[in-house]
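An overview of the molecular structure
Below, each chain spelled out in residue letters.
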Amino acid sequence: MSIKNISCVIIVKNGASTIDATLASLKSFENVVLYDNGSTDETLEIAKKYPNVTIFQGEFLGFGSTKNLACSFAKNDWVLSLDADEVLSDEFIKNLTSVELNDKNIYTILRENYYKNTQVKHCWGDDIIVRLFNKTKTAFTQERVHEKVIEKGFNTVPIQGNVKHYPYATITDFIIKLDRYSSAFAADNAGKKSSSPSKAFFNGLFSFFKTYFIKRGFLDGYAGLVIAFSHMATNFYKYIKLYELNKEQK
């Protein structure tokens, strides 16, 4: 089973802990584009083991712009966008080969979220996300974080199967990502959105309450506590960094 008409596109930085499993799940694709923005771990060495993977290197421009740049290197117009910590199921790949692609459609996948090897069912739950599209018809939005495929004007069609998402393997991963995401948020919103120390504090506090109690993250056990605290810290630093940037601009 060989997929010739769809390119898989991934952006990555220091993804050595997950990229092997990700690329192993993509052996059916003839064209896999890996856009690396500054890995210092074993990511590139691992990727070079896969003959269907073409490596490109460049700077990080924010998630939306970087993903659009990576898509431009795909040989095919149809692009399946994956993260470097996602693993496609065999069921999804099998169903993908039978789909008659239509330019008027964009296609979704069900994503299951994990902390280490434990599925997180409450803090995060499952996502239904657009990941397959024609790059000549649509693209990612330009946000530095929380980018998504532009859906306006398209029919949204699900493809059965799932992708397993392993965003965090250690506590350190949470710390690295919260720093990266909070900085990108602040840069995106400096001069556009107001902030204050009290807003940062109460936003973080509510984030913990929402994740741990309203979403019933306590039912996810240890993982739920770690995730809820990480959400709290991320939101606190998002708004405290924004507060500092706004002060600097004034």
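Summarised in this report is the structure supplied together with it. Position labels on residues start from 1 in each chain and follow its written sequence. Per-residue local features of the predicted model are confined to residues with pLDDT of at least 70, and side-chain atom pairs are confined, for both listing and counting, to 80 or more; whole-chain, interface and lining totals are unaffected and use all residues. No hydrogens and no water enter the side-chain calculation; it runs on all heavy atoms of the structure.

What follows is about the overall build of the chain. Here a helix means four or more residues in a row that DSSP labels H or I, a strand means two or more in a row labelled E, and each is numbered from the N terminus. Summing up its helical and strand segments, the chain has seven helices and nine strands in all. The atom set for the radius of gyration is the C-alpha atoms, and the globule formula is 2.2 Å times the number of residues raised to the power 0.38. A compact globule built from 250 residues should have a C-alpha radius of gyration of about 18 Å, and the chain, at 19 Å, falls within 12% of that. Principal axes of the C-alpha set define a box for the chain whose edges measure 55 × 45 × 40 Å. Two residues form a contact once any of their heavy atoms are found within 4.5 Å. Excluding contacts between residues fewer than 6 apart, the proportion of contacts in the chain whose partners are at least 24 apart in sequence is 73%. Reported accessibility uses the Shrake-Rupley method at a 1.4 Å probe radius. Residues are deemed covered only where the shown protein chains occlude them. When the accessible surface of the chain is totalled, it reaches about 12800 Å², and 53% of it is carbon and sulfur.

Whenever Lys or Arg places a side-chain nitrogen within 4 Å of a carboxyl oxygen from Asp or Glu, that contact is recorded as a salt bridge. Counted under the stated rule, the structure contains 10 salt bridges. Between Lys241 and Asp179 there is a salt bridge, and its shortest N-O distance comes to 2.7 Å. Of the two residues, Lys241 is situated in helix α7 (residues 222–249) and Asp179 in helix α5 (residues 171–189); the sequence distance between them amounts to 62 residues. Only protein chains enter the area calculation, which uses a 1.4 Å probe; residues under 20% of their type maximum are buried, those over 50% are exposed, and those in between are partly exposed. We classify Asp179 as partly exposed; its relative accessible area is 43%. Ionic contacts of the salt-bridge type, sharing partners, join the residues Lys67, Asp83, Glu86, Arg111, Asp127, Arg131 and Glu147 into one network.

Two rings belonging to Phe, Tyr or Trp (six-membered ring only in the last case) form a pair when the distance between their centres is within 6.5 Å. Interplanar angles under 30 degrees mark stacking, angles over 60 mark edge-to-face geometry, and anything in between is tilted. Under the defined criterion, the tally for this structure stands at 18 aromatic pairs. Consider the rings of Phe209 and Phe213, whose centres lie 5.5 Å apart with planes at 40°: the pair is tilted. One end of the pair, Phe209, and the other, Phe213, are both in helix α6 (residues 197–214), four residues apart, so they sit about a helical turn from each other. Given the relative accessible area of 43%, Phe213 is considered partly exposed.

For the rest of this paragraph, the subject is the packing of α5 against α7. Orientation is described by axes fitted as lines to C-alpha atoms, over the contacting stretch for helices, and by angles from 0 to 180 degrees between their N-to-C directions. Running from amino to carboxyl end, α5 crosses α7 at an angle of 30°, the nearest separation of the two axes being 8 Å. With respect to each other, α5 and α7 are oriented roughly parallel. Relative to α7, α5 is oriented so that their crossing is right-handed. Here the nonpolar group is Ala, Val, Leu, Ile, Met, Phe, Trp, Tyr, Cys and Pro; Asp, Glu, Lys and Arg are the charged ones; every other residue, Gly included, is treated as polar. Each residue belonging to the contact of α5 with α7 can be placed in one class, and the counts come to 14 nonpolar, six polar and three charged. Any angle that is under 35 degrees is reported as roughly parallel, and any over 145 degrees as roughly antiparallel; angles of 65 to 115 degrees are reported as roughly perpendicular and all others as oblique. Crossing handedness is read from the near helix: turned anticlockwise from the far helix by less than a right angle, it gives a left-handed crossing, and turned clockwise, a right-handed one.

Further remarks concern the pairing of strand β1 (residues 3–12). Burial analysis of β1 places eight of its 10 residues in the buried class, the great majority of the element. At least two DSSP bridges between two strands are required for those strands to pair. The pairing of β1 with strand β2 (residues 29–36) spans seven bridges and is parallel. Bridged to Ile10 within β2 is Leu34. Orienting the strands away from the viewer, one traces the path from the first strand over the helix to the second; a clockwise path indicates a right-handed crossover. Since β1 and β2 lie parallel, the crossover through helix α1 (residues 19–24) that links them has a hand, and here it is right-handed. Of the strand pairs in this sheet, β1 and strand β4 (residues 78–83) are connected by six bridges, and their pairing is parallel. What sits directly across from Val9, in β4, is Ser81.

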